[in-house]
Amino acid sequence: MRIIYQAGPLFSDAERRWHKDLTARLEREGYAVIWPGDLLSPEGIAIAGAEAITLIFNACKGALDSCSCVVALLDGPQVDDGTAWEIGYAYAKGLPVYGIRTDSRIAGDTAHNKVNSMIERCLSGLARNVEELLELLKE
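Worth saying up front: this structure is predicted, and the values here are computed from it rather than measured.

> Is there a simple way to think about the side chain of Asp103 in this case?
As for its placement among the helices and strands, Asp103 is situated in the loop between strand S4 (97-100) and helix H5 (117-122). Residue classification places Asp103 among the buried positions, given a relative accessible area of 16%. Apart from the residues lying within four places of it in its own chain, the contact partners of Asp103 are Asp75 and Gly76.

Here it is, written out as structure tokens:
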């Protein structure tokens, strides 16, 4: 079974809702999904205090190490910094990274790309919606 690490910002109610909806859709399609928002509880992070930095890093890195590919939400005026790190780490490990950008704003640094060139070059595919993403994952 293909295990997907679902990367992307998770700080607003709208972002968390979008990720939960995508997770549910991917699971209906037969994929196992790891979403960083489910790895640690807010209470666990609070209890960790200054060690929360290490706790978050190790949890996300460990989850990435157990996955077969990454799906990354790339919406916004620029890619979320944690998402950018996750993309770079996955790329360096040789994992396929599939981006999804539903945002209509132009965020590339040239006229020829949709997001930052360093991010876009790491992608195995870039979808504009969930249906396109599912097609990319089947290839």
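> It is not clear to me how the pattern of salt bridges should be interpreted in this structure. Could you clarify?
Overall, the coordinates contain eight salt bridges when judged by the stated rule. Two residues, Asp103 and Arg105, come together in a salt bridge whose shortest N-O distance is 2.5 Å. Ionic pairing is found between Glu135 and Lys138, a salt bridge with its closest N-O pair at 3.7 Å. Of the two residues, Glu135 and Lys138 both sit in helix H6 (residues 130-138), three residues apart, roughly one turn of that helix. Residue Glu135 is classed as partly exposed on the basis of its relative accessible area of 44%.

Analysis parameters
- Residues numbered from 1 in each chain as written.
- Predicted model: local features only at pLDDT ≥ 70, side-chain atom pairs only at ≥ 80, totals over all residues.
- Heavy atoms only, no water.
- Helix = DSSP H or I, 4+ residues; strand = E, 2+ residues; numbered from the N terminus.
- Buried < 20%, exposed > 50% of the residue type's maximum accessible area, 1.4 Å probe, protein only.
- Contact = heavy atoms within 4.5 Å.
- Salt bridge = Lys/Arg side-chain N within 4 Å of Asp/Glu carboxyl O.

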